[in-house]
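Descriptive structure summary
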Protein chains: 2
Amino acid sequence: MARPLAHDDVFQAVASPARRTLLDKLSSREQTVHSLAESFDMTLPAVSQQLAILRRAGLVSARRAGRWRVYRLNAEPLREMARWLDNYQRFWTARMKALGEDLKRYEKQDERWR
Amino acid sequence: MARPLAHDDVFQAVASPARRTLLDKLSSREQTVHSLAESFDMTLPAVSQQLAILRRAGLVSARRAGRWRVYRLNAEPLREMARWLDNYQRFWTARMKALGEDLKRYEKQDERWR
DNA sequence: TGGACGTGTAAGACTTAACTTATGTATAAT
DNA sequence: ATTATACATAAGTTAAGTCTTACACGTCCA
């Protein structure tokens, strides 16, 4: 591998709404750059650049098909995100139960959460 | 609400390694800014600014305690991320099964995925 | 073989992000 | 009251990100 698989890149790649939309589109079927750019309010080079970022993050792969380039989703790197999120999943179940007590406690102390 | 809960902010807030570390630290216990800054190679104002971003994304809340400000994790907005990820989870199970066939097919056609 | 098509990439302008230093504000301590 | 502490915020600087335009390259077609 030329570059160590950069953990951060996945989070960062997915931080952009445009790139998330690209991934969403590719999740239904593999597509050419042209096809992806059509359904966007972006020029083709812009889309191509975003795809390059996704490619570096390992989230998509591309193959040549004639003069087209067909992009395909590779969801594997998202597992890392999912794993990270798993550590927090307990909170949005536990929190629900604790919420009532918290409210009572902090209202009494006149402390406000914001 | 002054601002509609910005969906994008959560993804973007979590894109920064520093902010993820802050969340990780807060997941064990609520802490003051000073306490958080100590375990970081960042100045206190820098930490404070990152916390402000997390606050805007709804990922942390703060209360005053004397002259301290105690920050607390609020994992709720991460549910949205988890939901988005759920749409992809099927790939890293399905993909495993399909991988063998894909390899055979594309090797035969001399198409390389990169 | 020349031209159109599909795409990648380079260069530049513009926007946004992230830090540092400096200043302001509220609370606590003396 | 004055000073110190804990933090937020403003201002300024530098780095990153994202677009557009222009151009290069490979592939198909006439």
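A brief look at the structure comes next.

Here is what the cut-offs are and how they apply
- Residues numbered from 1 in each chain as written.
- Chains lettered and ligands numbered in written order.
- Predicted model: local features only at pLDDT ≥ 70, side-chain atom pairs only at ≥ 80, totals over all residues.
- Heavy atoms only, no water.
- Pairing = 2+ DSSP bridges.
- Helix = DSSP H or I, 4+ residues; strand = E, 2+ residues; numbered from the N terminus.
- Contact = heavy atoms within 4.5 Å.
- Axes fitted to C-alpha atoms, helices over the stretch in contact; angles between N-to-C directions.
- Near = heavy atom within 4 Å.
- Polar contact = N/O pair within 3.5 Å; in protein donor to acceptor, adjacent residues only side chain to side chain.
- Nonpolar A, V, L, I, M, F, W, Y, C, P; charged D, E, K, R; others polar.
- Phe/Tyr/Trp six-rings, centres within 6.5 Å; stacked < 30°, edge-to-face > 60°.
- Buried < 20%, exposed > 50% of the residue type's maximum accessible area, 1.4 Å probe, protein only.
- Salt bridge = Lys/Arg side-chain N within 4 Å of Asp/Glu carboxyl O.
- Expected span 1.5 Å × (residues − 1).
- Core = buried A, V, L, I, M, F, W, Y, C linked by side-chain atoms within 4.5 Å.
- Domains from an automatic or database assignment.
- Parallel < 35°, antiparallel > 145°, perpendicular 65-115°, else oblique.

Let us look at the sheet that holds strand E3 (residues 68-73) of chain B. All names here are of chain B. A sheet is described by the order of its strands in space; here three strands give the open sequence E1-E3-E2, paired in antiparallel fashion. Every other strand in the sheet has two partners, leaving strand E1 (31-32) and strand E2 (60-65) as the edge strands with one partner each. Its contacts with the sheet put helix H2 (residues 17-28) on E1, E2 and E3, and the angle it makes with E3 is roughly 95 degrees.

Before going further, it helps to examine the environment of Arg56 of chain A. Mapped onto the fold, Arg56 of chain A is located in helix H4 (residues 44-56). Separated by 43 residues in sequence, Arg56 of chain A and Ala13 of chain A place their C-alpha atoms 9.0 Å apart.

Our next topic: the protein's contact with DNA strand C. In the vicinity of DNA strand C there are 23 residues, among which His34, Ser48, Arg69 and Tyr71 of chain A together with Gln50 of chain B approach most closely. Considering the 4 Å shell around the protein, atoms of DNA strand C inside it are sugar or phosphate in 70% of instances. In this structure, a sugar or linking oxygen belonging to DNA strand C sits 3.1 Å away from a side-chain N or O atom of Arg67 of chain A. Note that a phosphate oxygen of DNA strand C is positioned 2.6 Å from one of the side-chain N or O atoms of Tyr71 of chain A. Within the residue set of the surface near DNA strand C, elements represented by two or more residues are helix H3 (33-38), H4 and strand E3 (68-73) of chain A together with helix H4 (44-56) of chain B.

So, about the protein's contact with DNA strand D. Within the structure, DNA strand D sits among 24 residues, and Gln12 and Gln50 of chain A together with His34, Ser48 and Tyr71 of chain B are positioned closest to it. Within 4 Å of the protein, atoms of DNA strand D come from sugar and phosphate in 75% of cases. The side chain of Ser48 of chain B places a nitrogen or oxygen atom 2.5 Å from a phosphate oxygen of DNA strand D. Secondary structure elements with two or more residues in the surface near DNA strand D: H4 of chain A together with helix H3 (33-38), H4 and E3 of chain B. Among the residues making up the surface near DNA strand D, the classes are represented as nine nonpolar, nine polar and six charged.

Residue and element names in this part refer to chain A. Evaluation of the coordinates by the stated rule reveals six aromatic pairs over all chains. Arranged with centres 5.5 Å apart and planes meeting at 85 degrees, the rings of Phe11 and Trp84 form a pair that is edge-to-face. Of the two residues, Phe11 sits in helix H1 (residues 7-13) while Trp84 sits in helix H5 (residues 78-89), which places them 73 residues apart along the sequence. Residue class for Phe11 comes out buried when judged on its relative accessible area of 2%. Looking at Trp84, the relative accessible area reads 9%, which means it is buried.

This part is about the pattern of salt bridges. Pairing is possible between side chains of opposite charge, provided their charged atoms come close. Residue and element names in this part refer to chain A. On inspection of all chains with the given rule, the structure shows six salt bridges over all chains. In this structure, Glu76 engages Arg79 in a salt bridge whose closest nitrogen and oxygen atoms are separated by 3.1 Å. Taking the relative accessible area as the measure of exposure, Glu76 reaches 32% and is therefore partly exposed. By relative accessible area, which is 29% here, Arg79 ends up partly exposed.

Residue and element names in this part refer to chain B. When the terminal C-alpha atoms of H4 are compared, their 18 Å separation across 13 residues agrees well with the 18 Å that a helix rising 1.5 Å per residue should span. Restricting attention to buried positions, one finds in H4 the residues Val47, Gln50, Leu51, Ala52 and Leu54. Positive backbone phi, approximately 80 degrees, marks Gly58, located one or two places after H4.

Leu78 of chain A together with Leu78 of chain B are the most contacted members of the largest nonpolar core, which totals 58 residues. Domain assignment of the residues forming this core places at least three in each of domain 1 (7-73) and domain 2 (78-108) of chain B.

Let us now look at the environment of Tyr88 of chain B. Within the secondary structure, Tyr88 of chain B is located in helix H5 (residues 78-89). Of the residues examined, Tyr88 of chain B reaches a relative accessible area of 0% and is grouped as buried. Not counting residues within four places of it along the chain, the set of residues in contact with Tyr88 of chain B comprises Arg20, Leu23, Asp24, Ser27, Leu73, Ala75 and Leu78 of chain A.

Residues and elements named next belong to chain B. Between H2 and H4, the shortest axis-to-axis distance is 10 Å and the interhelical angle comes to 80 degrees. Viewed along their axes, H2 and H4 adopt a mutual orientation that is roughly perpendicular. Contacts between H2 and H4 involve Arg19, Leu22, Leu23 and Leu26 from the first element and Val47, Gln50, Leu51, Ile53 and Leu54 from the second. When its residues are assigned to classes, the contact of H2 with H4 shows seven nonpolar, one polar and one charged.

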